[in-house]
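Fold and geometry: a report
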Amino acid sequence: MSRLEQDQVGSCSFVDVLEEAVLVKRPVAIELRDGTTFIDQVIDVRTESGQDFALFRSHARVAVRDIAAATRAEPPRRPSPPHPRG
């Protein structure tokens, strides 16, 4: 996942990206609109009173509209090479 900016992909697609992060259970780097950044695992995306919120393992929930961008926080895992047969 490269850096995804909410203003470029739109809020619905951005929510989809956060929901995918919940499924793969990998940490993401989050940049808020106020410049704050952190790395955490998204554990749920919920809608309350018509507003979407991202819930994180270690950070307080964040209104999705307050998130400027998200990026994968770790490189994709590559399969291990096969072991030589002896």
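Here's a quick rundown of the structure.

So, how was this worked out
- Residues numbered from 1 in each chain as written.
- Predicted model: local features only at pLDDT ≥ 70, side-chain atom pairs only at ≥ 80, totals over all residues.
- Heavy atoms only, no water.
- Pairing = 2+ DSSP bridges.
- Helix = DSSP H or I, 4+ residues; strand = E, 2+ residues; numbered from the N terminus.
- Core = buried A, V, L, I, M, F, W, Y, C linked by side-chain atoms within 4.5 Å.
- Buried < 20%, exposed > 50% of the residue type's maximum accessible area, 1.4 Å probe, protein only.
- Contact = heavy atoms within 4.5 Å.

Our next topic: the pairing of strand S3 (residues 37–48). Here five bridges tie strand S2 (residues 27–32) to S3, and the two strands are oriented antiparallel to one another. Residue pairing for S3: Pro-27 is matched across the bridge by Gln-41. Bridging between S3 and strand S4 (residues 51–56) involves six bridges; their strand directions are antiparallel. Along S4, the bridge assignment pairs Val-45 with Ala-54. In sequence, S3 turns back onto S4 through a hairpin of two residues, with Ser-49 there showing a positive phi of about 50 degrees.

Counting 17 residues, the largest nonpolar core has Leu-18, Ile-30, Val-42, Phe-56 and Ile-67 as its most contacted members. Broken down by secondary-structure element, the contributors of at least two residues to this core are helix H2 (11–24), S2, S3, S4 and strand S6 (67–72). Broken down by element, the residue count for this core peaks at five residues, all from H2. Contact partners of Ile-30, with chain neighbours within four places excluded, come to Leu-18, Thr-36, Thr-37, Phe-38, Phe-56, Ile-67, Ala-69 and Ala-70.

Note that Phe-38 resides in strand S3. For Phe-38, a relative accessible area of 12% corresponds to the buried category. Linking Phe-38 and Pro-27, residues 11 residues apart in sequence, is a C-alpha distance of 10.0 Å. Contact partners of Phe-38, with chain neighbours within four places excluded, come to Val-28, Ala-29, Ile-30, Leu-32, Phe-56, His-59 and Val-62.

What follows covers the side chain of Gln-41. Note that Gln-41 resides in strand S3. Contacts of Gln-41, omitting those with residues within four sequence positions, involve Lys-25, Arg-26, Pro-27, Leu-55, Phe-56 and Arg-57.

Inspection of the secondary structure puts Gln-6 in helix H1 (residues 6–9). Judged by relative accessible area, Gln-6 falls into the buried class, the value being 6%. Sequence-distant contacts of Gln-6, defined by excluding residues within four places in its chain, comprise Ser-11, Phe-14, Arg-33, Val-64, Arg-65, Ile-67 and Ala-68.

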